[in-house]
Amino acid sequence: MQTVELTIKDQVASLRFNRPDTHNAFNALMINEIRQCVKQVSTSDARVLVIEAAGKSFSAGADLNWMRETAKQSPEANKADALALAGMLNELFTCPLVTIAKVQGNAFGGGVGLIACCDIAIATSNAKFALSEVKLGLTPATISPYVINAIGARHAKALFVTGELFNSQRAQSINLLHTVVDEPQVLTDRVNATIKAVLANGPNAISISKQLVDAVNGEPIDESQQEKLAQLIADVRASDEGQEGLTAFLEKRPASFNLSSKDKDHS
C-alpha cells in the first residue's frame, strides 16, 4: 500500500492514513486502498477496526488537485471517480467489525464523512472540523447520507450551507463525536479501553447488533417488527455463542469469546 498502512494484531486492525504532507487528503489511489483494506479486514479474524492518521491532520477530505483533474475528464469518468468514493464510504459504513475513528487532528469535508461512517468516534479537544465544500462551489453529496445519519438533518443543513469551522466540543454536542479528550496519550488510552470493552463481547452478537440498529431505526413499531425482533432474540439465545455467554455468566467465568483479559496495548 502506498497511501495507507494496515496492521492486524490480536484481532484488532489498524488502518492508518499515510499522506501527512497533504494532510491525508484522499485521491483515487487512496480511496481504492482504503476500500481494499476494509474489505480485507471484513473477512479476517479481526473484531475491531481503528481508523487513524499519520501527521497532524486526520484528513482534509478530497485532494483538491485530484478533484480539479477529475472534473476535466469525461462525464462518465468523472462520475466513476465519484462512485468510487461513495463505494469506499459504504464499505466502511457496512463493515461488520466495530469501527473506531481515532481523530488526532483536523477533519474537513470527506474527512468528516469518514468519521460519520464509523461506529465510535474519539477525538482530541484541539481538533477542528468543517463541511466546507460550499466554499469551493461544491456540495458534500457522497458523504451526506452518513453525516446526516450521524448528526441529524437540521445540524447537517446548517453546516452544509455555511461551511463553517467548528471545534471538538461542538462536534460532540451534535453527535459527530462520542468522546473528546485533552491529550494524544489520553486519546490512545481511551481507544484502547474501548477496544478492550469490545473484545469482551460476542463477535456474532456485535455484528447482529450493528445490523439491528440500521434495520430498526425509523421503522414503525408494529406487529411485524415485533415478530421479527422476537424471532431474532430467540435465534440468538439458542446460538452456540448465546448459550456460551449465558452459561459463562451463570458460572461466573469469562466466556470463551471474551478476549478482554488479554490486556494488549493497541497504540
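Residues numbered from 1 in each chain as written. Predicted model: local features only at pLDDT ≥ 70, side-chain atom pairs only at ≥ 80, totals over all residues. Heavy atoms only, no water.

Asks: Before we go on, may I ask you to explain the overall build of the protein in this structure?
Replies: Broken down by element type, the protein carries eleven helices and ten strands. Its C-alpha atoms give the protein a radius of gyration of 20 Å, near enough to 18 Å, the size a compact globule of 267 residues would have. Principal-axis analysis of the C-alpha atoms places the extent of the protein at approximately 65 × 45 × 35 Å. Counting the 267 residues in the protein, one finds 42% classified as buried. For the protein, the proportion of contacts with a sequence separation of at least 24, taken over those separated by at least 6, is 70%. Accessible surface computed for the protein: about 13,900 Å², of which carbon and sulfur atoms make up 53%. (Helix = DSSP H or I, 4+ residues; strand = E, 2+ residues; numbered from the N terminus. Rg over C-alpha atoms; globule rule 2.2 N^0.38 Å. Buried < 20%, exposed > 50% of the residue type's maximum accessible area, 1.4 Å probe, protein only. Contact = heavy atoms within 4.5 Å. Areas by Shrake-Rupley, 256 points an atom, 1.4 Å probe, with all protein chains shown as cover.)

Asks: Before we go on, may I ask you to explain the nonpolar core in this structure?
Replies: Among soluble globular proteins, nonpolar side chains are generally buried collectively. In this structure, Phe17, Leu49, Phe58, Ile115, Phe129 and Leu176 are the most contacted members of the largest nonpolar core, which totals 50 residues. Element by element, the count of residues in this core is highest for helix 1 (residues 28-42), at six residues. Once residues within four sequence positions are removed from consideration, Leu176 is found in contact with Val112, Ile115, Ala116, Ala121, Phe129, Ile151, Phe166 and Ala171. (Core = buried A, V, L, I, M, F, W, Y, C linked by side-chain atoms within 4.5 Å.)

Asks: I tried to follow helix 3 (residues 75-93) on my own but got confused; where do I start?
Replies: An α-helical turn contains 3.6 residues, so a residue and the one three or four places further along point in the same direction. Its 19 residues place the ends of helix 3 27 Å apart at the C-alpha level, agreeing with the 27 Å of an ideal helix rising 1.5 Å per residue. Considered for burial, the residues of helix 3 that qualify are Asp81, Leu85, Gly87, Met88, Leu89, Glu91 and Leu92. Each element contacted by the buried residues of helix 3 is listed here: helix 1, strand 3 (48-53), helix 2 (64-71), strand 5 (98-103), helix 4 (110-117) and helix 5 (144-151). (Expected span 1.5 Å × (residues − 1).)

Asks: Is there a simple way to explain a nonpolar patch on the surface in this structure?
Replies: Taken together, the side chains of Leu64, Met67, Leu136 and Leu138 make up a nonpolar region of the molecular surface, amounting to roughly 340 Å² of accessible area. Its location among the elements puts Leu64 in helix 2. The class of Leu64 is partly exposed, set by a relative accessible area of 49%. (Patch = residues over 30% accessible without salt bridge, like charges linked within 9 Å, V, L, I, M, F, W, Y side chains within 5 Å. Salt bridge = Lys/Arg side-chain N within 4 Å of Asp/Glu carboxyl O.)

Asks: When you look at the sheet that holds strand 9 (residues 165-167) in this model, what are you seeing that I'm missing?
Replies: Adjacent strands of a sheet pair through backbone hydrogen bonds, lying either parallel or antiparallel. Pairing is mixed in the open sheet, where four strands are placed in the order 4-6-8-9. If you trace the sheet from one side to the other, it starts and ends with strand 4 (57-59) and strand 9, each paired once. On average, adjacent strands in this sheet sit at an angle of 20° to one another, irrespective of strand direction. In terms of strand pairing, strand 6 (residues 106-108) meets strand 8 (residues 128-130) through two bridges, oriented parallel. By the bridge assignment, Phe108 is partnered in strand 8 with Ala130. Sheet strands touched by helix 4: strand 4, strand 6 and strand 8. Its angle to strand 6, the strand with the most contacts, is close to 100°. (Pairing = 2+ DSSP bridges. Axes fitted to C-alpha atoms, helices over the stretch in contact; angles between N-to-C directions.)

Asks: I keep staring at unusual backbone geometry and nothing clicks. Help me out?
Replies: Among all residues save glycine, negative phi is the norm, and among peptide bonds the norm is trans. Backbone geometry at Asn24 places phi at a positive 55°, although glycine is not the residue there. By secondary structure assignment, the location of Asn24 is in the loop between strand 2 (12-17) and helix 1. With a phi close to 80°, Asn175 is a non-glycine residue in the positive phi region. Structurally, Asn175 is set in the loop between helix 7 (168-173) and strand 10 (179-181).

Asks: Help me understand the sheet that holds strand 5, please; the structure alone is not making it clear to me.
Replies: Read across the sheet, six strands follow the order 1-2-3-5-7-10 without closing on themselves; strand pairing throughout is mixed. Sheet topology places strand 1 (4-9) and strand 10 at the edges, where each strand pairs with a single neighbour. Across the sheet, the mean angle from the axis of one strand to that of its neighbour is 15°, orientation sign disregarded. Across four bridges, strand 3 lies against strand 5 in parallel orientation. Counterpart to Val48 in the pairing with strand 5 is Val98.

Asks: What is the right way to read the side chain of Ser57 from this model?
Replies: Looking at the element boundaries, Ser57 is found in strand 4. When residues no more than four places from it in sequence are discounted, the contact partners of Ser57 are His23, Asn24, Gln104, Gly105 and Asn106.

Asks: Help me understand the environment of Leu212 in this model?
Replies: Looking at the secondary structure, you find Leu212 in helix 9 (residues 203-216). The exposure class of Leu212 is partly exposed, given its relative accessible area of 31%. Sequence separation of Leu212 and Leu232 is 20 residues, and the distance between their C-alpha atoms is 9.5 Å. For Leu212, the contacting residues outside a window of four places in its chain are Leu229 and Leu232.

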